[in-house]
Amino acid sequence: MGKKLKVAWVTFACCEDSSILFVELLNDHFFEWNEKIEFRVCRMLKKAALFEDIDVAFIEGAIALKEDEEKLRHLREVSKKVVAVGSCACTGMPSAQRNYFDEKTKGEIEMVINRFGHMEKVVPLKSLVKVDYEVPGCPMDEKVFLEVLQKCFSEFGV
Ligand code: SF4
C-alpha cells in the first residue's frame, strides 16, 4: 500500500457548511481519497481521534473560545501544515459578527461571554497561529480546496 496523507478535519465556531461540502465531495472522490488519506481526526467520518503526527490539518471556523484557542495551538504544534477552510477561518467573518455589535447589544451578551469562556473578540486562525494555505469562500471554494489538497499530496509525496 502507498503512502497516505495524515489528515485532520477540525471545526471551530461556524455553521459547518464547508464540512457539508466536503462530505458532498466524497461522492466523487471517496475511493481515490480512501487510498490516499488517513483521517486521524474527522468527526464526520469516525469517532476516534488521534491528535498527533498530522501532515495537514484542515480547519474550519473562527476562534471564539479560550478553550478553542488552546486546541488550535495544540493542533498547530502536531501538524506540519495548517489550512484555513472557509471565510470564517480565513477572515473571522461571518462568525465574528459580534465583534461589530453596538455597545447596547454587547452589554446584552456580556453575561454569556463571561460565563462560557468566550474571548473578547472572535478571530481568524492566522491571528493566533501560522496558516500555510487558505481556502476562501462562504462556504469554501471547492476548486481551491481541491487544488490545495492536490498540492499537499505532491508536497508529502502521496
Ligand atoms: S465561511 Fe460561511 S459557510 Fe463556512 S462556516 Fe463560515 S459562515 Fe459557514
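Look up: the structure comes first, before these words.
Each value, and the rule that gives it
- Residues numbered from 1 in each chain as written.
- Predicted model: local features only at pLDDT ≥ 70, side-chain atom pairs only at ≥ 80, totals over all residues.
- Heavy atoms only, no water.
- Patch = residues over 30% accessible without salt bridge, like charges linked within 9 Å, V, L, I, M, F, W, Y side chains within 5 Å.
- Areas by Shrake-Rupley, 256 points an atom, 1.4 Å probe, with all protein chains shown as cover.
- Salt bridge = Lys/Arg side-chain N within 4 Å of Asp/Glu carboxyl O.
- Lys, Arg positive; Asp, Glu negative; His and termini not counted.
- Charge placed at Lys NZ, Arg CZ, Asp CG, Glu CD.
- Helix = DSSP H or I, 4+ residues; strand = E, 2+ residues; numbered from the N terminus.
- Expected span 1.5 Å × (residues − 1).
- Buried < 20%, exposed > 50% of the residue type's maximum accessible area, 1.4 Å probe, protein only.
- Arc of directions from axis to C-beta.
- Contact = heavy atoms within 4.5 Å.
- Polar contact = N/O pair within 3.5 Å; in protein donor to acceptor, adjacent residues only side chain to side chain.
- Phe/Tyr/Trp six-rings, centres within 6.5 Å; stacked < 30°, edge-to-face > 60°.
- Lys NZ or Arg CZ within 6 Å of the ring centre and 35° of its normal.

Draft legend 1. Main features of a negative patch on the surface. Taken together, the side chains of Glu24, Asp28, Asp141 and Glu142 present a region of like negative charge at the surface. Mapped onto the elements, Glu142 comes out in helix H5 (residues 142-155).

Draft legend 2. Expanded view of H5. For H5, spanning 14 residues, the distance from its first C-alpha to its last is 20 Å, which sits close to the expected 20 Å at 1.5 Å a residue. Considered for burial, the residues of H5 that qualify are Phe145, Val148, Leu149, Cys152 and Phe153. Each buried residue of H5 sits inside an arc of 145 degrees when the element is viewed along its axis, so together they form one side. Turned more than 90 degrees away from the buried face of H5 sit Lys143 and Ser154, all of them exposed. Check the buried side of H5 and you find it contacts strand E1 (5-11), helix H1 (17-36), strand E2 (37-42), strand E3 (54-60), strand E5 (79-85) and strand E7 (133-135). The opening residue of H5 is Asp141, an N-cap whose side-chain oxygen sits 2.9 Å from the backbone nitrogen of Lys143. Gly157 occupies a position one or two residues after H5 and carries a positive phi of about 65 degrees.

Draft legend 3. Broad picture of unusual backbone geometry. In this model, Met93 is joined to Pro94 through a cis peptide bond whose omega is 10 degrees. The residue Pro94 is located in the loop between helix H3 (87-91) and helix H4 (103-115) in this model. Each neighbour pair has its own omega, and for Cys138 with Pro139 the value is 0 degrees, a cis peptide bond. With respect to the helices and strands, Pro139 occurs in the loop between E7 and H5. Backbone geometry at Asp53 places phi at a positive 45 degrees, although glycine is not the residue there. Structurally, Asp53 can be placed in the loop between E2 and E3.

Draft legend 4. Molecular detail of the packing of aromatic side chains. Following the criterion strictly, the structure yields nine aromatic pairs and no others. Ring geometry for Phe22 versus Phe39: centroids 6.0 Å apart, planes at 75 degrees, classification edge-to-face. Highlighted residues: Phe22 in helix H1 and Phe39 in strand E2, separated in sequence by 17 residues. Overall, the relative accessible area of 13% leaves Phe39 in the buried class. Ring centres of Phe30 and Phe31 lie 5.3 Å apart, and the angle between their planes is 85 degrees; on these two criteria the pair is classed as edge-to-face. Phe30 gets classed as partly exposed once you look at its relative accessible area, which sits at 39%. Judged by its relative accessible area of 69%, Phe31 falls in the exposed class. By way of ring pairs, the aromatic residues Trp9, Phe22, Trp33, Phe39, Phe58 and Phe145 are connected into one cluster. Looking at Lys36, its charged tip hangs above the ring of Phe153, at a distance of 4.7 Å from the centre.

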